[in-house]
Amino acid sequence: MQRRQLILAGGTALAGALPSARALDFAAPAPPAPMRVSADRIVDIAVGIRPFRAQGPRIEAQRLFGKRVVHHYGHGGSGWSLSWGSAQRALSLVRTLARPGERIAVIGAGAIGLTTARTAQLAGFNVRLYSRDRPPQVHSSAATGLWTPDSRIATDAHANEAWAADWEAMARASFKVHQSF
Ligand SMILES: Cc1cc2nc3c(=O)[nH]c(=O)nc-3n(C[C@H](O)[C@H](O)[C@H](O)COP(=O)(O)OP(=O)(O)OC[C@H]3O[C@@H](n4cnc5c(N)ncnc54)[C@H](O)[C@@H]3O)c2cc1C
């Protein structure tokens with residue numbers, strides 16, 4: 001059965017002149033508004049790239065050139081979704097290298113850098129953020145903003161059982177934080 005088109009006719013000035021429900025039911029749908037599409041009407045082009053790694057995000061502690069470093073990047077199409085849970089994971093590594101109250105630097109002001117910085121701050125670290133670009137000039141600002149924790153996050157070859165368990169824990173932890181907003 002064909003779905004009825006609902007047309008709301010506004011602006012009727014005369015009392016009692018509203019079209020009957022029957023007339024509305026059978027009114028013809030309005031033709032679509034003509035579109036004017038041409039290159040000179042483009043007002044902006046926004047490009048975002050997904051930081052994809054075949055093996056999934058890198059969350060790893062390392063001593064590098066005398067510095068204590070926690071790598072935290074490569075969340076593919078799932079960065080917003082996994083951010084808070086991933087930041088908690090990164091923070092657990094930070095705790096193996098530094099104590100609350102110590103000064104730490106977070107590099108990057110996208111979804112991952114910001115949530116990492118905030119998570120560390122809430123845990124008592126003295127955080128300073130360094131970034132080449134700031135929102136909205138970051139790829140994170142070009143994202144759709146959906147709950148997509150399994151979007152382009154790793155290749156099948158790397159997503160073994162242990163990997164999947166880690167990913168699930170991260171996604172659940174993140175979901176819990178998102179729900180609290
Ligand atoms: C079109 C599109 C749609 C998406 N939709 C979703 C979605 O719906 N849901 C979802 O969960 N995810 C989505 N994603 C994925 C998500 O946006 C990314 O995973 C996430 O933005 C990555 O965040 P990031 O902080 O690692 O990177 P970025 O946002 O790129 O931030 C990197 C930061 O590092 C800084 N930086 C880089 N190089 C240097 C340097 N040399 N020195 C100092 N600072 C530096 C940059 O200036 C920036 O501040 C989408 C991605 C795209 C492209």
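Thresholds, definitions, all that
- Residues numbered from 1 in each chain as written.
- Predicted model: local features only at pLDDT ≥ 70, side-chain atom pairs only at ≥ 80, totals over all residues.
- Heavy atoms only, no water.
- Patch = residues over 30% accessible without salt bridge, like charges linked within 9 Å, V, L, I, M, F, W, Y side chains within 5 Å.
- Areas by Shrake-Rupley, 256 points an atom, 1.4 Å probe, with all protein chains shown as cover.
- Salt bridge = Lys/Arg side-chain N within 4 Å of Asp/Glu carboxyl O.
- Helix = DSSP H or I, 4+ residues; strand = E, 2+ residues; numbered from the N terminus.
- Near = heavy atom within 4 Å.
- Polar contact = N/O pair within 3.5 Å; in protein donor to acceptor, adjacent residues only side chain to side chain.
- Buried < 20%, exposed > 50% of the residue type's maximum accessible area, 1.4 Å probe, protein only.
- Bend = angle between axes of the 7 residues up to and from the residue.
- Contact = heavy atoms within 4.5 Å.
- Pairing = 2+ DSSP bridges.

A.B. asks: Would you mind going over a nonpolar patch on the surface with me for this structure?
C.D. replies: Where nonpolar side chains cluster on the molecular surface, the patch consists of Ile42, Ile45, Val47 and Ile49 and spans about 450 Å² of accessible area. Topologically, isoleucine 45 is positioned in the loop between α1 (21–26) and β1 (58–64).

A.B. asks: Is there a simple way to think about the site of the ligand in this case?
C.D. replies: Surveying the vicinity of the ligand reveals 30 residues, the closest of which are Gly76, Ser81, Ser131, Asp133 and Ser140. The backbone of arginine 132 places a nitrogen or oxygen atom 3.0 Å from a nitrogen atom of the ligand. Here threonine 148 contributes a side-chain N or O atom positioned 2.9 Å from a nitrogen atom of the ligand. A total of 1,000 Å² of accessible area belongs to the ligand in isolation, and the protein chains cover 79% of it. Those elements giving two or more residues to the shell around the ligand turn out to be α2 (79–97) and α3 (111–122).

A.B. asks: What should I look at first to understand the pattern of salt bridges in this one?
C.D. replies: Where side chains of opposite charge bring their charged atoms close, a pairing between them can arise. Enumeration according to the criterion identifies 5 salt bridges in this entry. In this structure, arginine 68 engages glutamate 102 in a salt bridge whose closest nitrogen and oxygen atoms are separated by 3.3 Å. Taken together, the positions of arginine 68 in strand β2 (residues 67–73) and glutamate 102 in the loop between α2 and β3 (103–107) put the pair 34 residues apart, joining distant regions of the chain. Owing to a relative accessible area of 28%, glutamate 102 belongs among the partly exposed residues under this scheme. Of the charged contacts, one joins aspartate 133 and arginine 132 as a salt bridge, the two residues approaching to 3.0 Å between their closest N and O atoms.

A.B. asks: Teacher, can you tell me more about α2 here?
C.D. replies: Residue pairs three or four apart in sequence face the same way in an α-helix, which turns once every 3.6 residues. Bending of α2 peaks at approximately 40° at the position of glycine 85. Among the residues of α2, those classed as buried are Gly79, Ser81, Leu82, Ser83, Trp84, Gly85, Ser86, Ala87, Ala90, Leu91, Val94 and Leu97. Among the structural elements, β1, β2, β3, α3 and α4 (161–179) are those in contact with the buried residues of α2.

A.B. asks: Please clarify how the side chain of threonine 116 should be interpreted in this entry.
C.D. replies: Here threonine 116 shows up in helix α3. Within the local environment of threonine 116, its side chain forms a polar contact with the side chain of histidine 72, the two groups lying 3.0 Å apart. In contact with threonine 116, other than residues within four places in its own chain, are His72, Ala87 and Val106.

A.B. asks: How should the pairing of β2 be read in this particular structure?
C.D. replies: Across a regular strand the side chains alternate sides, sitting on one face of the sheet and then on the other. Where β1 and β2 come together, 7 bridges link them in antiparallel fashion. Residue glutamate 60 lies in a different strand from β2, and its bridge partner there is histidine 71. Where β1 hands over to β2, the hairpin turn is made up of 2 residues, of which phenylalanine 65 adopts a positive phi near 50°.

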